[in-house]
Amino acid sequence: MDRSGDFEADAGWRLRPLVLGVVGALAAVAVQQLLDRSAPFHYPPIEPEAWRVALTTAIGTGAASFGFALERQRAPWAVLFGLVVGAVAGLVFYWNGGGWGMWRDWHSASLFLSIAIAVPLFQTARNEAAWRFPYADVHGNAWTNVVLWCACWLFTGVVFALAWLLSSLFDLIGLHFLRDLLQHSWFNAQLFGASFGASLGLLRERDGVLRLLQRVVTSVLAVLAPVLGLGLLVFLVALPFTGLNALWEATKSTTPILLSCVIGALILANAVIGNGEQEELRNPVLRVGAMVLALAVLPLAVIAAIATGLRIDQYGLTPDRLWAVVFVALATAYGVAYLVALARGQMHWGAWVRPSNLRLAFVVAGVGLVLATPLLSFNALSTADQVARLESGKTAPEKFDWAALAFDFGDPGKAALKRLAGSKNPVIAARAKGVSAKTNRWDVAAINQTETEADLLVKRLRVLPVAVPVPLALREKLTDWQGCSTDQKNRCTLLYTPGATEAVSISQSCIDDLARDPEEKGLRGVPVIRVLRSGCGGSRYRLTGDTWQRVDENTRAPLTSAERAALKAGEAAGKVEIRSVPARRVFVGGVPVGDPFE
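Here, residues in each chain are numbered from 1, in the same order as that chain's written sequence. Where local features are concerned, this predicted model is filtered to residues with pLDDT of at least 70; where side-chain atom pairs are given and counted, the filter is 80 or more; whole-chain, interface and lining totals use all residues. Where side-chain values are given, they derive from all heavy atoms of the structure, hydrogens and water being excluded.

1. Regarding the overall build of the chain
Argument step 1. Per the secondary structure count, the chain includes 23 helices and seven strands.
Argument step 2. The globule rule used for comparison is 2.2 Å times the number of residues to the exponent 0.38, while the radius of gyration itself is calculated over C-alpha atoms. The C-alpha radius of gyration computed for the chain amounts to 35 Å, which surpasses the reference 25 Å derived for 598 residues by more than 25%, pointing to a less compact arrangement than a globule.
Argument step 3. If you line up the chain on its principal axes, its C-alpha atoms span 110 × 70 × 60 Å.
Argument step 4. The buried share among the 598 residues of the chain stands at 40%.
Argument step 5. Taking the contacts inside the chain whose residues are at least 6 apart along the sequence as the reference set, 69% of them involve residues at least 24 apart.
Argument step 6. Here the accessible surface of atoms and residues is derived via Shrake-Rupley with a 1.4 Å probe, and residues count as covered only by protein chains that are part of the display. Carbon and sulfur atoms form 66% of the exposed surface of the chain, whose accessible area is close to 33,000 Å².
Argument step 7. Counted as positive: Lys and Arg. Counted as negative: Asp and Glu. His and the chain ends are not counted at all. Charge coordinates come from a single atom per side chain, which is NZ of Lys, CZ of Arg, CG of Asp or CD of Glu. Across the chain, the mean location of the 56 positive side-chain charges is 2 Å away from that of the 48 negative side-chain charges. Secondary structure counts use DSSP, requiring at least four H or I residues in a row for a helix and at least two E residues in a row for a strand, with both numbered from the N terminus. Residue burial is assigned from relative accessible area. The probe radius is 1.4 Å, only protein chains are included, and a residue is buried under 20% of its type maximum, exposed over 50%, and partly exposed in between. By the convention used here, residues are in contact when the closest approach between their heavy atoms is within 4.5 Å.

Now the structure itself:
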């Protein structure tokens, strides 16, 4: 149903830019006030409470949905739509919990995708004044919204560039008010909201131009259809000769690459077939290119499914892999629909695929909304699977992704980590306790590296007087550069007995250095002058509580008050003397090595 007359009638609504500018400014300032909880560049960032994240999301999504939906015709519908979208988005975010990460995960992406699909559906239903969704209107509204979104961001960027240019210009004559205002977050938020909202209203006043621009964009994109179609055709034809193993060996990102190709194929194919038969491009090269793209979607989705299945079988479930399963399932649904449309319509396949696009849009919006909520917890599923693999021995503790369990799997991961700290397996329990004490994934990576080096140390460590197991905590300390180091070629000797609170290590490199002939000839027979280092000797370690620490021989406990008084009195009276005191020292083959110690 053609509603171009309605859009032209709305072009006379000059109040819309002002309304959307005010709404945008108020919404942006409200968001800024809710989230600006600390000084700029505060580290670590202060995590906002769940209600702040939820309210911010509700205001932002509600205002944006209202802005895109607002027309003079049935304006109250747009108000109600914005309120409903904001309320649903806010409740979903509150249900998921707080934190900055909420806007970066797949839950939020899923929710925003559902909203992006719901907006053109609402626009079409509003124009029809009924629950009817003509494909031409829905598809046209969707493309127009994309163009409008990008144009508003561009306009807002120009506004900020102009503001900074004017502030620099005013600075030349000593007027600093604009520069000072631009230093405040509330002013930047107000400027952003007002410019984005006003540009949205102004561009809506030129809806006919937007429709024309949308057609230009789709026509330009359609030119790329044969290019991508040829590339995908070559890929699929070559695959039987190269084999699937080449995909797994080349990269670990096989599934994302294939799904990106699927998305590109869907966009370019629909750019060719247009909103309806009257807009479908007639160029035979473009039409064949679109058909090849439609044909390639299902094979790509199947290969992506195989890749995802292999990764899950090898490494278990993770939230990202479960999301990949969802994306692959949707890609497969599109592939089947497009293949059926090609089989039934052949050169006129567009007429068959457009209804499928509309039905799949409702499916994607519904699935996205459900997955945005915690109803189906990918974190809990992933945690259960990974912990089961760890406890069954399928995944070794040193190869287990402890950082993901602690920081990527949400509350289920943290709860599992706490439970693993009490595991009967001492290695698992020790690793879980170490990870639980860390506040970020980089510290966990350092723990994994240290423990790996401590495990490798066993292969080059000799324990005297009797070969006995060395506690992990001590081995971790021994890997420092003053002890046994991390050089896998450097053998090391440790004087240690079970239950002892002291241990002494000496590295083979130190022995080799001390044992080297001082008159040894160097390069081209030139004598090398060597200075024997008395400090090259044993490194002492002492157990305090549950912690092993290296003993620094150059430090001692602070003097008592009596010792301090005696020290001052002795120095004043000249009582300075040398005494022989009992001391200990490391001997190797009867030869003293290193400095004495008490």
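From this point, the discussion proceeds with the structure in view.
2. Here we look at the pattern of salt bridges
When the charged atoms of two side chains lie near each other, side chains of opposite charge can form a pair.
Argument step 1. Between Lys or Arg on one side and Asp or Glu on the other, a salt bridge is scored when a side-chain nitrogen of the former is within 4 Å of a carboxyl oxygen of the latter. Across all of its chains, the model carries 15 salt bridges by this definition.
Argument step 2. The residue aspartate 180 makes a salt bridge to arginine 179 at a minimum N-O spacing of 3.7 Å.
Argument step 3. The partly exposed category is assigned to aspartate 180, whose relative accessible area is 38%.
Argument step 4. Taking relative accessible area as the criterion, arginine 179 reaches 32% and is therefore assigned partly exposed.
Argument step 5. Across the salt bridge formed by arginine 419 and glutamate 391, the nearest N and O atoms sit 3.1 Å from each other. Placement of arginine 419 in helix H18 (residues 410-420) and of glutamate 391 in helix H16 (residues 378-392) is noted, with a sequence separation of 28 residues between them.
Argument step 6. The exposure class of arginine 419 is partly exposed, given its relative accessible area of 49%.
Argument step 7. Residue classification places glutamate 391 among the partly exposed residues on the basis of a relative accessible area of 44%.

3. Considering the sheet that holds strand E2 (residues 492-495)
Argument step 1. Strand order in the open sheet made by the five strands is E1-E2-E3-E4-E5, with mixed pairing throughout. Edge positions in the open sheet fall to strand E1 (461-464) and strand E5 (547-550), since each of these has one partner strand only. Across the sheet, the axes of successive neighbouring strands diverge by a mean angle of 25°, strand direction being ignored.
Argument step 2. Running at roughly 55° to strand E3 (residues 502-507), helix H22 (residues 508-515) makes contact with E2 and E3 of the sheet. Should DSSP find at least two bridges between two strands, the strands are regarded as paired. Inter-axis angles, ranging from 0 to 180 degrees, are taken between N-to-C directions of lines fitted to C-alpha atoms, where helices are fitted over the stretch in contact.

4. A word on the state of the cysteines
Argument step 1. Disulfides are defined in this document as cysteine sulfur pairs within 2.5 Å. Per the counting criterion, the structure on display carries one disulfide.
Argument step 2. Between cysteine 484 and cysteine 492 runs a disulfide, and the two sulfur atoms are separated by 2.0 Å. Its S-S torsion of about -60° marks the bond between cysteine 484 and cysteine 492 as left-handed, since a negative value means left-handed.
Argument step 3. Not engaged in a disulfide, the cysteine cysteine 152 finds its nearest cysteine sulfur in cysteine 150; these two sulfurs lie 9.4 Å apart.

5. Side note on the nonpolar core
Argument step 1. Counting residues in each nonpolar core, the largest one holds 45 residues, and the members touching the most others are Leu293, Tyr338 and Trp349.
Argument step 2. If you list the elements that add at least two residues to this core, you get helix H5 (106-128), helix H6 (135-171), helix H10 (225-242), helix H12 (254-273), helix H13 (284-315), helix H14 (319-345) and helix H15 (350-372).
Argument step 3. Broken down by element, this core gets its largest block of residues, eleven residues, from H13.
Argument step 4. Within this scheme, the nonpolar core is defined by two criteria: the residues are buried Ala, Val, Leu, Ile, Met, Phe, Trp, Tyr or Cys, and they are joined through side-chain atoms within 4.5 Å. In this structure, Val92, Val119, Phe122 and Leu210 belong to the second largest nonpolar core, which totals 25 residues.

6. A few points about H5
For the α-helix, the turn length of 3.6 residues means that residues three or four positions removed from each other point alike.
Argument step 1. By this rule, a helix spans an expected 1.5 Å times one less than how many residues it contains. The terminal C-alpha atoms of H5 lie 33 Å apart, and with 23 residues this matches the ideal 33 Å at 1.5 Å per residue to within 8%.
Argument step 2. Summarising burial for H5: 17 of the 23 residues are buried, a large majority.
Argument step 3. Between N or O atoms, a polar contact is any pair within 3.5 Å; within protein, one atom must be a potential hydrogen donor and the other a potential acceptor, and residues adjacent in sequence are included only when both atoms are from side chains. Taking the backbone nitrogen of histidine 107 as reference, a side-chain oxygen 3.3 Å away marks aspartate 105 as the first, capping residue of H5.
Argument step 4. Where H5 terminates, the next one or two residues include alanine 129, which has phi positive at roughly 55°.

7. Some details on the pairing of E1
Argument step 1. The alternating pattern of E1 places Leu461 and Val463 on a buried face and Arg462 and Leu464 on a face that is not buried.
Argument step 2. The pairing of E1 with E2 spans four bridges and is classified as parallel. Of the residues in E2, the one forming a bridge with leucine 464 is leucine 495.
Argument step 3. Convention used here: a crossover is right-handed provided that the path from the first strand, over the helix, to the second strand proceeds clockwise when the strands point away from the viewer. Between the parallel elements E1 and E2, the chain passes through helix H21 (residues 472-478) in a crossover that is left-handed.

8. With respect to unusual backbone geometry
When glycine is set aside, most residues are seen to have a negative phi, and most peptide bonds are trans.
Argument step 1. In the segment running from leucine 464 into proline 465, the intervening peptide bond is cis, with an omega of 5°.
Argument step 2. Topologically, proline 465 is positioned in the loop between E1 and H21.
Argument step 3. One non-glycine residue with positive phi stands out, namely arginine 74, at about 55°.
Argument step 4. In this fold, arginine 74 is placed in the loop between helix H3 (50-69) and helix H4 (75-96).
Argument step 5. For arginine 74, a relative accessible area of 28% puts it in the partly exposed group.
Argument step 6. The backbone phi angle of serine 485 is positive, close to 65°, even though this residue is not glycine.
Argument step 7. Structurally, serine 485 is set in the loop between H21 and E2.
Argument step 8. We classify serine 485 as buried; its relative accessible area is 15%.

In short, shape yes, function no, at least from these values alone.
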